[in-house]
Amino acid sequence: MDAGSPILAASGARAAAGAVQSNRYGRTSARRSEGPGHRVSTLVHTVLSQHTSDTNSHRAFERLRGRFPSWAMLRDAPVEAVVDAIRPAGLSRLKAPRIQALLRRVTAERGRLSLDFLRRWPVDRAKAWLRTLDGVGPKTAAIVLIFGLGKAAFPVDTHVYRVGRRIGIIPKGLSVEKAHGWIEALVRPARYGPFHLLLIRHGREICKAGRPRCSVCPLRRHCDFFRRAGVGGGEQPPAPYWGGGRVSASSEGRHLHRRQDAVNGV
Ligand code: SF4
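Residues numbered from 1 in each chain as written. Predicted model: local features only at pLDDT ≥ 70, side-chain atom pairs only at ≥ 80, totals over all residues.

> Teacher, can you tell me more about the nonpolar core here?
In globular proteins that are soluble, nonpolar side chains generally tend to be buried together. Ile86 and Leu145 are the most contacted members of the largest nonpolar core, which totals 57 residues. Sort the elements by how many residues they give to this core and helix α8 (residues 138-148) lands first, with seven residues. Of the domains in this structure, domain 1 (1-31 + 152-266) and domain 2 (36-148) are the two that each give at least three residues to this core. Discounting residues that sit within four places of it in the chain, Leu145 has contacts with Val123, Ala126, Lys127, Lys151 and Ala153. (Core = buried A, V, L, I, M, F, W, Y, C linked by C-beta atoms within 7 Å. Buried ≥ 20, exposed ≤ 12 C-beta atoms within 10 Å, placed from the backbone. Helix = DSSP H or I, 4+ residues; strand = E, 2+ residues; numbered from the N terminus. Domains from an automatic or database assignment. Contact = placed C-beta atoms within 7 Å.)

> Mind showing me how you'd approach unusual backbone geometry here?
Outside of glycine, negative phi angles account for most residues, and trans bonds account for most peptide bonds. Within the chain, His51 stands out as a residue other than glycine whose phi angle is a positive 60°. By the secondary structure assignment, His51 is in the loop between α2 (36-48) and α3 (54-67). Judged by the 13 C-beta atoms lying within 10 Å of it, His51 is partly exposed. Within the chain, Leu91 stands out as a residue other than glycine whose phi angle is a positive 50°.

> Which parts of the structure should I look at to understand helix α11 (residues 192-205)?
Side chains that are three or four residues apart share a direction in an α-helix, a result of its 3.6 residues per turn. With 14 residues, α11 should reach 20 Å at 1.5 Å per residue; the first-to-last C-alpha distance of 20 Å fits that figure. Along α11, the residues classified as buried are Tyr192, Gly193, Phe195, His196, Leu198, Leu199, His202 and Gly203. (Expected span 1.5 Å × (residues − 1).)

And the structure:
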């Protein structure tokens, strides 16, 4: 699929969402905003989670909160103390000053350590403001918007990007940065949270990075990767989807019809 096939991409997105939910994982609810402090927590925790595992970032976050009971104490602490607290998350010498700078910026601009003001802003304005913060890219901004502020944004992490490209809902050649807006245009805003979480879970449990478990995957009928590789029953990794098997015009047509049929049933 190329970037000029939005209808087919939308079809794939809906089919994938429906198939994952109905075939394996059941209904999934997005994490919800839990109050004002949660918004700053979401921002800090998401910065900690960059380039590390969930386990490591959770551990670093708990150490941080244990040593600095308030955001103001964290903001004003010696940077070395923060570096030490978040060491389990890795890149601590980069992340510590970055987190403190975020907190100082919020304080300087808003007069208090709170992101509540973003709730009143349109999502595009809130996203643009978050993106002006050092260390906040499209994924971090989207996570804060949807899970901290309850706004419509779709975060694309490594699992979402991999699974989305394999299935075909993220076009070949589209950058991870541009994939955020692409998926936001394909999926109903009310489904952003559940779809995001389902793709992550699918990427962790089935569509793994090194060895996708296609033989047990409920999305095979909708997946470009599987179709192009012509994988059968085993759990052998298919041929690379980016250069995968030749697809004849007739098989391509049959596949697209099947995917559209699936969409109509979702
Ligand atoms: S069929 Fe294979 S490549 Fe496609 S989504 Fe499922 S596990 Fe991933």
